[in-house]
Structures are given as C-alpha cells and as structure tokens.
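# Architecture and fold: a report
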Amino acid sequence: MERRNPWGNSTSVITSAMQASDRYKRLKDAGKSESEIAAVFNKKRPMSLFALGGNKNVNISPLDSIKYFQKTLNTGLISIEPGTGDVKAWVGGINHQVFKYDHVLSRRQVGSTFKPILYAAAIEKGINPCTLFDNKRVTYPEFENWSPQNADGQYTGQYSMKGALAFSVNTVSAQLIMQTGVKRTIEMARRMGITSTIPEVPSISLGTASISLMELVGAYTVFANSGILVKPVYISTIKNSSGDVIFNNKASSGKRVLSEENASIMIELMKGVVEEGSASKLKSEFGLKMDIAGKTGTTQNQADGWFVGITPNLVTGVWVGAENPLVSFRSLQLGQGAHTALPIWGTFMNRLIENPSFASYRSKKFRVVSDEIKLRLNCPSFVEEIQVVEPAHKENFIIKLFKKGLNIFKKKKKNKEKD
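Please read all numbers here as calculations on a predicted model, not as lab measurements.

### With respect to the pattern of salt bridges
For the coordinates displayed, the defined rule picks out 9 salt bridges. For Arg-107, the salt bridge goes to Glu-215, with nearest N and O atoms at 3.8 Å. Linking Arg-107 in strand β5 (residues 107-109) with Glu-215 in helix α9 (residues 213-224), this pair joins segments that are 108 residues apart in sequence. Since its relative accessible area comes to 9%, Glu-215 is described here as buried. Salt-bridge contacts for Arg-367 lead to Glu-260; the nearest nitrogen and oxygen are separated by 2.6 Å. Separated by 107 residues along the polypeptide, Arg-367 in the loop between α15 (360-363) and α16 (371-376) and Glu-260 in helix α10 (residues 260-275) bring together distant segments of the chain. Owing to a relative accessible area of 39%, Glu-260 belongs among the partly exposed residues under this scheme.

Pasting the structure below:
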C-alpha cells in the first residue's frame, strides 16, 4: 500500500517550497517558462542528500529532493536557569549547514503547553484548584458555536485542575477560560514575558496561538522561580583580544508576576503531568528520578509536538515538527508531543545527569510546599461519578429523620421523668 504524503492532498506545500528554492529563482530570472522549469525539476540527476547518519549520494530529481526535505523533522531545544535567566543550552535545529533556521526563535502553535498559563491566571483569579469540573462537551454559541473536543473522545466523570492538566482535558480548559476570561489569560501571558500575538478568542486555551520556544520556556521559568520573571541572558561577558572585559551583562533582579504561593501550586499541578499524566514515561521509560514538572503539547493535525520540563534548577523546552506546518503526522499516537518532543527531553536530561559536573541536577528537590497548599490540593484528580455537593445548610433526609426521632425520644423521656 502506498504511503500517504504527510502534507495530505495539499500540493501548495511542494509548490511553495519549489518556488522558494534558488534553482527556481535562477530559472525564472533566466526567462524560463513554467513548463520549462517543471521539466528541469522533474529530471533526475546525481545529488547529495542530508541524512542524520551522513549525507547519501543518490540519483534523484530536484522535485523529489524537495519532497524529501519536506518530510524531514526539525527540532529546537533551549534550557534556561530559572533563578538567573542564564541560557545553558540552545539548539536551533538539526544541522545549521543544511537548515539555516532557528527553531528556538521561530513561532509555531503551542498546543497544550499554553494551558499552564491559563491555569495560573485561573488560580490568580481565585478559582479553587480542587474545583471539580464536569468532563462534558459544550457548544458556545457566543463564540461561533465553538465546541472543543477531548483528544481521547471521552466525556465522563469530573476532573480537578491537577487531573485535567495531567491528562490535558480540553473540555476543562474551555470552562476555565470562560470563568477566568480571555483578556485576563492574555494579560497573564504578557506578564510572564510572552510578546507574540495572541488572538483574543477562547480557543487560545487549547494553544492556538503561535509562540516561540524561547518565550514559552521563559514563561515556565516563572513557575520554577517562585513567581519571579527573569529575562533570559544569552551573553554574560565579552572580552577583547587582550582579555579585557568590554561588556558585562549584569543579572536582572527579576520582577514578580505571580504570587509565590500560586507558583508553588502550579509546580504541584504540573508534577501531576509527570507522575500520572501524559509525561509519565519520563519516570517509567527514561528512569529519571529527579523532581520534574512539565507539560506536553500537540497542535492541530499533529503538526507540532512540544514538551517543556521543569526541574528545580533548569527549565528545558523542546519543539518537533516539519518546516511547513501543513506537514503533519497521520495520527495523534505518532505525532503527539509525548511521542516526539518528550523523548528528546528525556535523552537530554539523562546525558546531563550522567556527567559528574552536573550531579546537582540529579539530586536537587523542589521547595517543600506548606501545609496550607497541601490542604488546598488535597483532592482526587478524577472522580468517575458526578459528585453532587449539597449546601451546608441542606441536611440529608436520613439525618433529618434521625434528629426528629431523637427529639421525640428526649421529649418522652422528659415527660416520663416528670411523672
């Protein structure tokens, strides 16, 4: 059976890539017609194609080489020390000689990695993290009949914030942004350092905004840094040929954008993603024992896979996708962030802690949360049956009956004593 092209039936992906190539531009400048150009692109010739194990020499047409490169997955990775903002690792792509594009700075839809920002805004507004939300699909007529679906197609029971974030439940995110407000959510993103355009629509709760990996990881450092935003530092000092310091980038003191308590709550919620949710393979398959919080993300049609992971002294984000966002995986199982981006993160962290110079990354723990926060988060992630919570003043029928019987008993006893 012939494999489906990852760009589906959209011929514009290949046409656009062809027209953007140097070969096409040279032929066009030379006055060649479209049919003449097509003939050149369809004629096979010896070429050297990029491959991770080393370039391979093949006999292939320029058009087929374009299709080959459009199927190639790219990635970006950045690690930031949350307390200082120091950038510890920056990988813009898989090979700069071939792909001269920095995927740390490029903007792509972020999927569910935006949800922690929404959750932070909701908690700052005062929504209780132990509130149970019905897992039901709802249509919102005031927003052009927007009706978000869960990736697993399941709509039963109720989720607390921890469970909804751990399993990336879209129906709960939709309810949260309705209660929190779109503007308030965008304001939180701005406070956390995100400058990219964010459309003022509720679908941003599912990650429809296009944001850079740099911005996203920078925002996540707020959770790890007790609510304080520190700007990323790429260059600390510059020295001239004589060794004299001609530039010294002083570390920023940072700015509080989230309360310390709510930052701690967010870390606890995001730990659930690793302990029981979509990033659980970091423990089971990669064997990582250190404290980890984070969030996976997958965009529409599985075009982009994300994972941003937080450890006590490092925040690392990974993006995976093709050059063109119209190129995507055929299924969620193959293209989800837990399958594409998370393994890169897990491999990176394993290699890091194997190095004796970074032993502290293996053993450092998140700050111990207060008893008050533990109490606020003392609730199940998910309940199967709908829990109807009666008002405190509304007594159960059995309790009423018991009290009535007790009063009758006391009255009879009192009358008997009088006799």
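There's plenty left to go through after this.
### Here's the deal with the environment of Val-383
Structurally, Val-383 can be placed in strand β16 (residues 382-383). For the pair Val-383 and Gly-157, spaced 226 residues apart in sequence, the C-alpha separation works out to 5.6 Å. If we skip the residues at most four places from it in the chain, Val-383 touches Leu-132, Gly-157 and Gln-158.

### Considerations on the sheet that holds strand β6 (residues 133-134)
Spatially, the 3 strands line up as an open sheet ordered β6-β7-β16, and their pairing is antiparallel. Edge strands, defined here as strands with exactly one partner in the open sheet, are β6 and β16. Here 2 bridges tie β6 to strand β7 (residues 158-159), and the two strands are oriented antiparallel to one another. Residue pairing across strands places Phe-133 opposite Tyr-159, the latter belonging to β7.

### Re the sheet that holds strand β3 (residues 73-80)
One key point about sheets: their strands pair by backbone hydrogen bonds, in either a parallel or an antiparallel sense. Spatially, the 5 strands line up as an open sheet ordered β4-β3-β15-β14-β13, and their pairing is antiparallel. Each end of this open sheet is capped by a strand with a single partner; those strands are β4 (87-91) and β13 (293-298). Neighbour-to-neighbour, the strand axes of this sheet turn through a mean angle of 10 degrees, independent of strand direction. For β13 and strand β14 (residues 304-311), the ladder comprises 6 bridges, and the chain directions are antiparallel. If you follow Lys-295 over to β14, its bridge partner there is Val-308. Of the strands in this sheet, β13 and β14 are in contact with α10, which crosses β13 at around 60 degrees. Those strands touched by helix α14 (residues 342-354) are β3, β4, β13, β14 and β15 (314-322), and its axis lies near 140 degrees from that of β15.

The rules behind the values
- Residues numbered from 1 in each chain as written.
- Predicted model: local features only at pLDDT ≥ 70, side-chain atom pairs only at ≥ 80, totals over all residues.
- Heavy atoms only, no water.
- Salt bridge = Lys/Arg side-chain N within 4 Å of Asp/Glu carboxyl O.
- Helix = DSSP H or I, 4+ residues; strand = E, 2+ residues; numbered from the N terminus.
- Buried < 20%, exposed > 50% of the residue type's maximum accessible area, 1.4 Å probe, protein only.
- Contact = heavy atoms within 4.5 Å.
- Pairing = 2+ DSSP bridges.
- Axes fitted to C-alpha atoms, helices over the stretch in contact; angles between N-to-C directions.

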